[in-house]
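Summary of structural features
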Amino acid sequence: MNFFKSSINNRSASYKSNMKAMKGLVNELNENLKKAKLLGSEIALDRAKKRGKTLINEKIKKLIDTDSPFIELMPLAGLNHKNGFGPGGTTICGIAFVSKKICIVNANIGTKKGGVVDYATSLKNLRLCEIAKENKLTTINLVESGGANLPDQDRVFNNYGKIFKEMSSRSKNGIQTISIVFGNATAGGAYFPGMSDYTIFQEDQARVFLAGPPLVKMATNEESSDEELGGAKMHSNISGVSDFLARNEEEAINIARKIIELNIDDICYESFNDINPPKFDKNEILGIIPFNLKTTFDIRDLIVRFVDNSEFFEFKENYGPTLVCGWSKINDKKIGVLASNGVIFSESAKKATQFIQLANKSNIPLLFIQNTTGFMVGKKHEQNGIINHGAQMIHAVAGSEVPHITLMVGNSYGAGNYAMCGRSFNPRFLFTYPNVKTGVMGAEQLAGVMEIIKINSSLKSNKKIDKRKLNREKKNLIADSEKKASIWHTTSNVMDDSVIDPRNTRDYLRLCIEIIYKENIKGSDSYGTFRM
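A few points on the structure. (Residues numbered from 1 in each chain as written. Predicted model: local features only at pLDDT ≥ 70, side-chain atom pairs only at ≥ 80, totals over all residues. Heavy atoms only, no water.)

1. Comments concerning the side chain of Thr121
The condition that has to hold: Each helix is a run of H or I in the DSSP string that is no shorter than four residues. Each strand is a run of E no shorter than two, and both are numbered from the N terminus. Working rule for contacts: check all heavy atoms of both residues, and any pair within 4.5 Å makes them a contact.
Secondary-structure assignment places Thr121 in helix H4 (residues 119-135). Aside from chain neighbours lying at most four places away, what touches Thr121 is Gly88, Gly89, Thr90 and Thr91.

Structural data, given as structure tokens:
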């Protein structure tokens, strides 16, 4: 049995230039993450502290197990949204161990705009619903929210409704939600505890109502206090919306942990150690990924830096080499790997189609690693059936029923994105490196195509071609396309689950693979029609 042997020269000029460029992108990522960690204005933070309240990051730290990782999800949602509440919106969410069981934590940042839900936050919540449902993960909500951001109501309203529907659907299927209310939960925010399987209210702090005293006064002329209308004691003693009344934050968190321990039927992990780590240095990944995305590299050099013992057993090594397929393990769990290594040719697509079928027969989950400009074009390739072969691969990906994880490490263009299980093909998790570019096609190609269309249109209409205007429009289109293909644009719109430092690849994959192996994996034996 021959395993791939990496021979990277970490003293070469290309390695050093790649390292320098990727470190710059990682620094940019970290600067953006710093912005996402801002928990509100100084006034709001001081007010919370004066009331004896701990900040939300401290609450999360108390909730999760002492030695637990916290894989934060969608921390840069809304990064580039105009009139939004900044990167991350008004929630911190992620995956962690709570009472030795893997859970989703969804925490409102009450000190940031009162935890009001803007558009980006609603997108995060919708994606969390998908992750919880697909992976059968208990969700713990740390609630302090004023409901929907009213200026965003046209975009948030339906998303809010979908979130509550998904909470109900999960509950019906035994995937439970626990809500701890630490402050105000108004209007739509009130339905988070209302739709939960378990609710915990903090005494003298939790206030849950559809409408507060001023609105009730205006609507019904009724006088009422916060406690009468929605206080923790009232909901614990009269309305029954609260299941547990906690004297303080610590007791509320401990009750949630006890519910997880006693009532959640899920795998209990005594430890989560890194088993069989790679033999190669993960820091070398920064020097392997080319700064210039037009530059080719051997994607196997990346694979062996995050799989167990750096062992990768390749399938059809010499056939369709622009799409690498093979088997490995991550934390002693089997995984099939499909890694696009450039343009996808017919041979590459046919190999991938067979490999996906084999993975489904063997009930092995798949990791898709994307670095592709799409399928090969041209007269020869069209005549040889590239459409049929690409369609077969897309059918295989769509029909596959083993869990999929997607990692984007470079280009992700056109139907290559679909065939390599992009967001629209619903991978369980999708992570990206900070150099990634995504779109229908590259900016220069897109602008060039539009230029040809405009020239042909002018010629057909016998109109004079204004070359200066044409060049100006082309430059503007290239700039706009580059901006929209940028990882900062796509992650802002929740087209990934997180932009990650490449050196942390194994940490993210290790937990995600542990999650998908919680349930029995059963592959498909049925696919859409394979055109021959």
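From this point, the discussion proceeds with the structure in view.
2. Focus on the layout of surface pockets
The following threshold applies: Using a grid of 1 Å spacing that covers the protein atoms alone, one calls a set of points a cavity when a 1.4 Å probe fits there but cannot get out, and a pocket when the set is open and has protein on both sides within 12 Å along at least five of seven lines; lining residues are those with an atom within 4 Å of a point. Grid points are joined across faces, edges and corners, and a volume is the space filled by probe spheres set on the points. The residue classification treats Ala, Val, Leu, Ile, Met, Phe, Trp, Tyr, Cys and Pro as nonpolar and Asp, Glu, Lys and Arg as charged. All others, Gly included, are polar.
Estimates place the volume of the largest pocket at around 890 Å³. Of all the secondary structure elements, the ones that give two or more residues to the lining of the largest pocket are helix H1 (13-36), strand E12 (366-372), strand E13 (404-413), helix H17 (443-460) and helix H19 (487-492). Sort the elements by how many residues they give to the lining of the largest pocket and H17 lands first, with 3 residues. When its residues are assigned to classes, the lining of the largest pocket shows 16 nonpolar, 15 polar and 5 charged.

3. A look at the side chain of Asp301
The topology assignment puts Asp301 in helix H12 (residues 300-303). For Asp301, the contacting residues outside a window of four places in its chain are Phe4, Ser6, Ser7, Ile8 and Ile288.

4. Focus: unusual backbone geometry
Rule in force here: Burial classes: relative accessible area under 20% of the type maximum marks a residue as buried, over 50% as exposed, and values in between as partly exposed (1.4 Å probe, protein chains only).
Unlike most non-glycine residues, Met74 shows phi in positive territory, near 50 degrees. Along the chain, Met74 turns up in the loop between strand E1 (70-72) and strand E2 (91-98). Classification of Met74 by relative accessible area gives buried; the value is 2%. Even without being a glycine, Lys136 presents a positive backbone phi close to 50 degrees. In this structure, Lys136 sits in the loop between H4 and strand E4 (138-145).

5. Focus on the nonpolar core
Proteins that are soluble and globular tend to have nonpolar side chains buried together. The cut-off we apply is this: Take the buried residues of types Ala, Val, Leu, Ile, Met, Phe, Trp, Tyr and Cys, join any two whose side-chain atoms come within 4.5 Å, and each joined set is a nonpolar core.
Counting 67 residues, the largest nonpolar core has Phe306 and Ile369 as its most contacted members. For Ile369, the contacting residues outside a window of four places in its chain are Ile299, Leu302, Ile303, Phe306, Val337, Leu338, Ala339, Ser340, Leu407, Val409 and Met420. Listed in part, the 30 residues of the second largest apolar core include Ile92, Val98, Ile180 and Ala246.

6. Structural notes on the packing of H4 against helix H5 (residues 153-172)
Stated precisely, the cut-off is as follows: Axes here refer to lines fitted to C-alpha atoms; in helices the fit is confined to the stretch in contact. Angles between the N-to-C directions go from 0 to 180 degrees. Here roughly perpendicular refers to angles of 65 to 115 degrees, roughly parallel to angles under 35, roughly antiparallel to angles over 145, and oblique to all remaining angles. When the near helix sits turned anticlockwise from the far one by under a right angle, the crossing is termed left-handed; a clockwise turn instead gives a right-handed crossing.
One can describe the packing of H4 onto H5 by two numbers: an axis separation of 9 Å at closest approach and a directional angle of 20 degrees. If you check the angle between H4 and H5, you find them roughly parallel. In this structure, H4 crosses over H5, and the sense of that crossing is left-handed. Contacts between H4 and H5 involve Tyr119, Ser122, Leu123, Asn125, Leu126, Cys129, Ala132 and Lys133 from the former and Arg155, Val156, Asn159, Lys162, Ile163, Glu166, Ser169 and Arg170 from the latter.

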